[in-house]
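As a plain string of letters, each chain reads:
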Amino acid sequence: MTSVQISRTAPAAEHSDSACRASRHTRVQHLITADEQSLVDLETLLATLPICATGRVFIEVPDASWVSQVSAPPRMVVAWLDRSARTGDPGTGRACAPGAALTRAVTAWADEMLCTEDDETRIDLLGGFLGTADIADHLIERLAVAPERIHAPEQYLRSLGLSA
């Protein structure tokens, strides 16, 4: 059983192959995060996206041996974040903790890409709790993203006080 909330409201006819190829077709941007524990949920979510989906997928993994092919729509960029190749907080000399690489990458991307009031990016946070909590806090508190726009495993939403 997957912990992903999959709610897509656009009619299926709107996303036919020919409609997605049309230059005037509205494309929805997505921000999706995952880690090594949520790869199955990630594949399930990506399989539900229309071929015209755009956006970014960030996947944090312990080391390069976890990197593999992911089936994402062609207009989406997948970024693998190898913790073993990163350091912890600047000046500490520590290794990168789980969730830290994901948080740094996603908050930097969000600061650049989610900068307009009318932004309608769909946000799905599937990574571990620490990264998800930090990312959700940044999106809500610094970028004024409405909490209901953030989709994450239900237990994380409850812990963050975002559950309905």
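The rules behind the values
Residues numbered from 1 in each chain as written. Predicted model: local features only at pLDDT ≥ 70, side-chain atom pairs only at ≥ 80, totals over all residues. Heavy atoms only, no water. Core = buried A, V, L, I, M, F, W, Y, C linked by side-chain atoms within 4.5 Å. Buried < 20%, exposed > 50% of the residue type's maximum accessible area, 1.4 Å probe, protein only. Helix = DSSP H or I, 4+ residues; strand = E, 2+ residues; numbered from the N terminus. Contact = heavy atoms within 4.5 Å. Polar contact = N/O pair within 3.5 Å; in protein donor to acceptor, adjacent residues only side chain to side chain. Axes fitted to C-alpha atoms, helices over the stretch in contact; angles between N-to-C directions. Parallel < 35°, antiparallel > 145°, perpendicular 65-115°, else oblique. Left-handed = near helix turned anticlockwise from the far one by under 90°. Nonpolar A, V, L, I, M, F, W, Y, C, P; charged D, E, K, R; others polar. Right-handed = clockwise from strand over helix to strand, strands pointing away.

Some details on the nonpolar core
Counting 21 residues, the largest nonpolar core has L31, F58, L114, I123, L125, L139 and I150 as its most contacted members. If you list the elements that add at least two residues to this core, you get β3 (75-82), α3 (100-113), β4 (122-125) and α4 (129-142). When residues of this core are assigned to their parent elements, the largest contribution, 6 residues, is made by α3. Not counting chain neighbours up to four residues away, the residues in contact with L139 comprise A110, L114, I123, A144, V145 and I150. Core analysis: the second largest hydrophobic core is formed by 13 residues, A34, L42, V61 and M76 among them.

Details of the side chain of D119
Its location among the elements puts D119 in the loop between α3 and β4. Within the structure, the side chain of D119 is placed 3.0 Å from the side chain of T121, a separation counted as a polar contact. Here the side chain of D119 touches R149 through a polar contact of 3.1 Å, side chain to side chain. Setting aside residues up to four positions removed in sequence, D119 forms contacts with Q29, M113, L114 and R149.

Things to note about the environment of Y156
Position of Y156 relative to the elements: it lies in helix α5 (residues 154-159). Using a relative accessible area of 16% as the deciding quantity, one classes Y156 as buried. For Y156, the contacting residues outside a window of four places in its chain are G127, G128, F129 and T132.

Notes on unusual backbone geometry
Excluding glycine, residues mostly carry a negative phi; peptide bonds, for their part, are mostly trans. A positive phi angle, near 60°, is found at A144, a position not held by glycine. Its location among the elements puts A144 in the loop between α4 and β5 (150-151). By relative accessible area, A144 is classed as exposed at 66%.

Concerning the packing of α3 against α4
Axes are the key here: two packed helices are described by the angle between their axes and the distance separating the axes. At a minimum axis distance of 9 Å, the contact between α3 and α4 shows a crossing angle of 20°. Regarding the angle of α3 to α4, the classification is roughly parallel. As α3 runs across α4, the sense of the crossing is right-handed. Contact with α3, carried on its side by L102, T103, V106, T107, A110 and D111, involves G131, D134, I135, H138 and L139 of α4 and no other residues of that element. Looking at the contact of α3 with α4 residue by residue, the classes come out as 5 nonpolar, 4 polar and 2 charged.

With respect to the pairing of strand β1 (residues 29-35)
Of all 7 residues that make up β1, 6 are buried, and the element is covered over most of its length. Viewed along the sheet, the connection from β1 through helix α2 (residues 39-48) into strand β2 (residues 54-61) turns out right-handed.

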